[in-house]
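Letter by letter, the chains look like this.
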Amino acid sequence: MLRTHHRLLTAASASLLVLGLAACGGTTKDSASSDGGAAAQTGASADPNAKTKEGLKIAFLPKQLNNPYSDVETSGGKVAVGELKGEYKLVGPNDASASSQVSYINTLIQQQQDVIVVAANDPNAVCPSLNQARQAKIKVVSFDSDASKDCRDAFINQATTQGIGESLVKMANELAGGEGEIAILSATPNATNQNAWIEVMKKELAKPEYSKLKLVKTAYGNDDDQKSFQEAQGLLQSYPKLKVIVSPTTVGIAAASRYVSSSNYKGKVAITGLGLPNQMREYVKDGTVKKFALWNPADIGYLAAYAGAALASGQITGKQGEKFTAGKLGEYTIGADGEIVLGPPTEFTAQNIDQFNF
Ligand code: RAM
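Cut-off values and rules
Residues numbered from 1 in each chain as written. Predicted model: local features only at pLDDT ≥ 70, side-chain atom pairs only at ≥ 80, totals over all residues. Heavy atoms only, no water. Helix = DSSP H or I, 4+ residues; strand = E, 2+ residues; numbered from the N terminus. Areas by Shrake-Rupley, 256 points an atom, 1.4 Å probe, with all protein chains shown as cover. Pairing = 2+ DSSP bridges. Axes fitted to C-alpha atoms, helices over the stretch in contact; angles between N-to-C directions. Contact = heavy atoms within 4.5 Å. Salt bridge = Lys/Arg side-chain N within 4 Å of Asp/Glu carboxyl O. Buried < 20%, exposed > 50% of the residue type's maximum accessible area, 1.4 Å probe, protein only. Right-handed = clockwise from strand over helix to strand, strands pointing away. Disulfide = S-S within 2.5 Å. 1 Å grid on protein atoms, 1.4 Å probe; cavity = no way out; pocket = protein on both sides within 12 Å on 5 of 7 lines; lining within 4 Å. Points joined across faces, edges and corners; volume = space filled by probe spheres on them. Nonpolar A, V, L, I, M, F, W, Y, C, P; charged D, E, K, R; others polar. Near = heavy atom within 4 Å. Polar contact = N/O pair within 3.5 Å; in protein donor to acceptor, adjacent residues only side chain to side chain. Sits in = over half its atoms within 2 Å of the grid points. Core = buried A, V, L, I, M, F, W, Y, C linked by side-chain atoms within 4.5 Å. Domains from an automatic or database assignment.

Quick notes on the overall build of the chain
Helix and strand counts for the chain come out as 10 helices and 14 strands. Surface summary for the chain: the accessible area is close to 13,800 Å², and the carbon and sulfur share equals 49%.

Here's what the structure looks like:
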């Protein structure tokens, strides 16, 4: 595990599903950030004792603005930027399509932000503009959904990709009783995070212990509530023997649960995946959903802001092994490929859901 600090949620620690992986102020680009975005590649060295700069302009660009998940994520970022005495900004598109973020990045470059924190809707579409930002000495932190690793300085991953994929298959298997048809209801077809999780899921499903589970289809609801609702409906119509819909997106799992809870499929078809406890509570209480997982999205935004400030202050460059302190979350160590893992996800059930409010 890369994580060296203690996690929150102590009240609910029994329910934590550990997945077994396990310079000074100013907003201008001064000397401390003169190594630019390419520090990690050019061999520029970090100064862990450098003072955290005040007044940093830290801009958040989530996948899309009208997603409750992004709202929680960026709320944590805003708190962290406040603690860091920086300037917080939030911009973003209303849809999560591949190229929807490019114009926002270009504007953030013109505004001379110090840090851009981005959840990429497509790992490559954002790359040319992110690299322009880095040439302009803006530090780029991807969070939630990674950009290609050659166009960002660090990536805040919510949990390990392997652990999330394994957990999704494990929950689906339990809910299917070890055999039968399952389907995936994903976000957009280009989403880096969902695609990485689905790849792990497929590898898991190829293992002998899951030989009786059959993945019949991966559908895409594009992180749009209505489209996700319709796709859930379509899956159930097309696959009458479907036992479980696994939705690795908070938008998809909520829409699928809403559909199933008010249909004849309630109690017959299970829904699981990654959801926000506040959105899923009613479906857990009405019996539609037995279990699902997530992390606290606010912590991802919080950690991303601190990583961005550490980069912009010269404390880290994004190289493996560098350490920095992220406020209340404690110390983190950068892993391979500039990845910083928040921590293990939590599994939610009827027993523990009321302990969470996000
Ligand atoms: C949706 C988005 C986000 C993902 C969560 C789990 O809100 O796709 O990127 O991390 O679900």
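Overview of the sheet that holds strand S6 (residues 180-186)
In space, the four strands of this open sheet follow the order S7-S6-S8-S9, with parallel pairing throughout. What marks the edges here is a single partner per strand, and that holds for strand S7 (213-220) and strand S9 (270-273). When the angles between neighbouring strand axes are averaged without regard to direction, this sheet yields 25°. Running over the sheet, helix H8 (residues 250-261) touches S6, strand S8 (242-247) and S9 and is turned about 170° from S9.

Considerations on the pattern of salt bridges
A full pass over the atoms with the stated rule returns 11 salt bridges. The shortest N-O distance in the salt bridge between Arg152 and Asp146 comes to 2.9 Å. In terms of burial, Arg152 and Asp146 fall into one category: buried. Between Lys203 and Glu199 there is a salt bridge; the shortest N-O distance is 3.7 Å.

A closer look at the pairing of strand S4 (residues 139-143)
In terms of burial, S4 is a largely internal element, five of the five residues being buried. Residues Lys139, Val141 and Phe143 of S4 are buried on one face, and the alternating residues Val140 and Ser142, pointing to the opposite face, are buried as well. Chirality of the crossover, the property in question, places the unit of strand S3 (residues 115-118), helix H4 (residues 127-135) and S4 among those that are right-handed.

Observations regarding the sheet that holds S3
If you walk across this open sheet you meet the six strands as S2-S1-S3-S4-S5-S13, and the pairing is parallel. Because the sheet does not close on itself, it has two edges, and the strands there are strand S2 (87-90) and strand S13 (339-341). Neighbour to neighbour, the strand axes of the sheet diverge by 20° on average, direction disregarded. Strand contacts of helix H3 (residues 102-110): strand S1 (57-61), S2 and S3, with the helix running at about 175° to S1, the strand carrying the most contacts.

With respect to the state of the cysteines
Taken as a whole, this structure holds one disulfide when the rule is applied. The disulfide that involves Cys127 links it to Cys151, with 2.0 Å between the sulfurs. When the S-S torsion is -65°, as for the bridge of Cys127 with Cys151, the disulfide is left-handed. Of this pair, Cys127 sits in helix H4 while Cys151 sits in the loop between S4 and strand S5 (154-157), placing them 24 residues apart in sequence. Comparing Cys127 with Cys151, the two get one shared label, buried.

Examining the pairing of S6
Side-chain positions along a regular strand alternate between the two faces of the sheet. The element S6 is largely enclosed, with a buried count of six among its seven residues. In terms of strand pairing, S6 meets S7 through seven bridges, oriented parallel. Among the inter-strand pairings, Leu185 is bridged to a residue of S7, identified as Ala219. Following the chain from S6 across helix H6 (residues 192-205) to the adjacent parallel S7, one finds a crossover that is right-handed. Note that S6 and S8 share four bridges and pair parallel. Opposite Ile184, over in S8, you have Val246 as the bridge partner.

Regarding the layout of surface pockets
By volume, the largest pocket amounts to about 210 Å³. Contributing to the lining of the largest pocket are 16 residues, with Asn66, Asp223, Asp224, Asp225 and Val251 lying nearest its centre. Among the secondary structure elements, those contributing two or more residues to the lining of the largest pocket are H8 and helix H9 (277-285). If one sorts the elements of the lining of the largest pocket by residue count, H8 sits on top with three residues. Counted by class, the lining of the largest pocket contains five nonpolar, six polar and five charged residues. Its boundaries defined by the atoms lining it, the second largest pocket holds a volume of some 160 Å³. Along its surface, the second largest pocket is lined by 14 residues, and Asp146, Phe155, Thr161, Thr192 and Ala196 are the ones closest to its centre. Elements with a contribution of two residues or more to the lining of the second largest pocket: S5 and H6.

Comments concerning the site of the ligand
The local shell around the ligand consists of Lys63, Asn67, Tyr69, Asp144, Gln158, Asn193, Gln194, Trp197, Asp223, Pro248, Thr249 and Thr250. Contacts to the ligand include Gln158, whose side-chain N or O atom sits 3.5 Å from an oxygen atom. Across the complex, the protein chains shield 100% of the 290 Å² of accessible surface that the ligand would expose by itself. A majority-of-atoms criterion places the ligand in the largest cavity.

As for the nonpolar core
Core analysis: the biggest nonpolar cluster contains 85 residues, and Ile58, Ile156, Trp295, Leu303, Phe324 and Ile340 have the highest contact counts within it. When residues of this core are assigned to their parent elements, the largest contribution, 12 residues, is made by helix H10 (residues 297-312). The residue makeup of this core includes at least three contributed by each of domain 1 (32-158 + 296-342) and domain 2 (161-294). Excluding residues within four positions of it along the chain, Trp295 makes contact with Tyr69, Gln158, Ala159, Ile164, Trp197, Leu274, Ile300, Leu342, Pro345 and Phe358. Core analysis: the second largest hydrophobic core is formed by 17 residues, Leu108, Val126, Ile138 and Ala147 among them.

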